Amino acid sequence: MRERLSSRWWVVTDLDGTLLDHAYDWTPAETALRWLQQRGIPVIPCTSKTAEEVRQFRAAAQLNDPYIVENGGAIHGSSDTGEDWEEALGPGWTALKPQLSELAEELGEPLQALDELTDDQGERLLGLSGERLQQAQRRRWSVPFVPPSVQIQPRLEALASVRGLAVVRGNRMCHLLGADVSKGRALNVLRQRVGAPGVKVLALGDSPNDLPLLEVADLAVVVPGPAGPHPELSVNVASGRFQLARDIHGAGWAESVRRLLPED
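Please read all numbers here as calculations on a predicted model, not as lab measurements. (Residues numbered from 1 in each chain as written. Predicted model: local features only at pLDDT ≥ 70, side-chain atom pairs only at ≥ 80, totals over all residues. Heavy atoms only, no water.)

Draft legend 1. Structural view of the overall build of the chain. Helix and strand counts for the chain come out as 10 helices and 11 strands. Taken over the C-alpha trace, the chain has a radius of gyration of 18 Å; the compact-globule value for 264 residues is 18 Å, and the two agree within 12%. Taking the principal axes of its C-alpha atoms as reference, the chain extends roughly 55 × 45 × 35 Å. Buried positions account for 53% of the 264 residues belonging to the chain. Within the chain, contacts between residues at least 6 apart in sequence are counted, and of these 63% link residues at least 24 apart. On the chain, roughly 11500 Å² of surface is accessible, and the fraction owed to carbon and sulfur atoms is 49%. Once the 27 positive and 36 negative side-chain charges of the chain are each reduced to a mean point, those two points are 5 Å apart. (Helix = DSSP H or I, 4+ residues; strand = E, 2+ residues; numbered from the N terminus. Rg over C-alpha atoms; globule rule 2.2 N^0.38 Å. Buried < 20%, exposed > 50% of the residue type's maximum accessible area, 1.4 Å probe, protein only. Contact = heavy atoms within 4.5 Å. Areas by Shrake-Rupley, 256 points an atom, 1.4 Å probe, with all protein chains shown as cover. Lys, Arg positive; Asp, Glu negative; His and termini not counted. Charge placed at Lys NZ, Arg CZ, Asp CG, Glu CD.)

Rendered as structure tokens:
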């Protein structure tokens, strides 16, 4: 049986740097999360994290709604009978990982994958070590890697495109994906899957990999960090296409959902 979400609005949100700060703290958003739950408005994580990581966050935040993982690589949810489901939207890790090595050879530059990081490297780059790092490393639909220099990025993206792949950049890692994989496409697939093609979406994000999500939303919010909004999203804020949260990370997230969602 197909899962159905009856609310007129969904809140679809990035996690790292948006709902969570870079120390992975989401407590400033907790009151707003409870407010949304009281109103029956789904909160749908749409993140570069793995399903394993998102399930852990959902348990802590007491969320039960569907979710999108690995930058749109797959969508997850539960049926009316309580069975969990997963729908893949692109190539798997085993197909993508060799491609990263070949791209590095073509570039003549090393591209270090997330699953190759040591605990010390994971702690330094991501603030993750031990089991938390291992959860992030157990990928199924994407290959995150340490970003190359800004000068190399355009050539890397062009080489990936020739292979039918895409490279998207988050705050701390780049991600190798299938060319058709994105957070925006995943949201549209989820709408169709749960029978809610006309639902309105308030989307929140903070980095370039959130752009496809923000572009398909009815209301789009850029959540800034301490240094302000990401430069690649600022042009859409300046034009008025996206709104800017009035505070950073979880506090800005909470302020935005309370301010922007209609009262009825």
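Draft legend 2. The packing of helix α2 (residues 51–61) against helix α5 (residues 130–137), seen in detail. As a packed pair, α2 and α5 sit with axes 7 Å apart at the nearest point and diverge in direction by 125 degrees. With respect to each other, α2 and α5 are oriented oblique. For the pair α2 and α5, the contacting residues are Glu52, Glu53 and Gln56 in the first and Glu131, Arg132, Gln135 and Ala136 in the second. Partitioned by chemical class, the residues of the contact of α2 with α5 number 1 nonpolar, 2 polar and 4 charged. (Axes fitted to C-alpha atoms, helices over the stretch in contact; angles between N-to-C directions. Parallel < 35°, antiparallel > 145°, perpendicular 65-115°, else oblique. Nonpolar A, V, L, I, M, F, W, Y, C, P; charged D, E, K, R; others polar.)

Draft legend 3. Structural detail: the environment of Glu123. Along the polypeptide, Glu123 turns up in helix α4 (residues 119–126). Given the relative accessible area of 43%, Glu123 is considered partly exposed. Sequence separation between Glu123 and Leu133 is 10 residues; the distance between their C-alpha atoms is 8.3 Å. Beyond its immediate chain neighbours, meaning those up to four positions away, Glu123 contacts Leu128 and Ser129.

Draft legend 4. Here's a closer look at the sheet that holds strand β2 (residues 43–45). Spatially, β2-β1-β9-β10-β11 is the arrangement adopted by the 5 strands of the open sheet, whose pairing is parallel. The open sheet has two free edges, formed respectively by β2 and β11 (243–244), since each of these has just one partner strand. (Pairing = 2+ DSSP bridges.)

Spatial relationships are all this shows, so hold off on functional conclusions.
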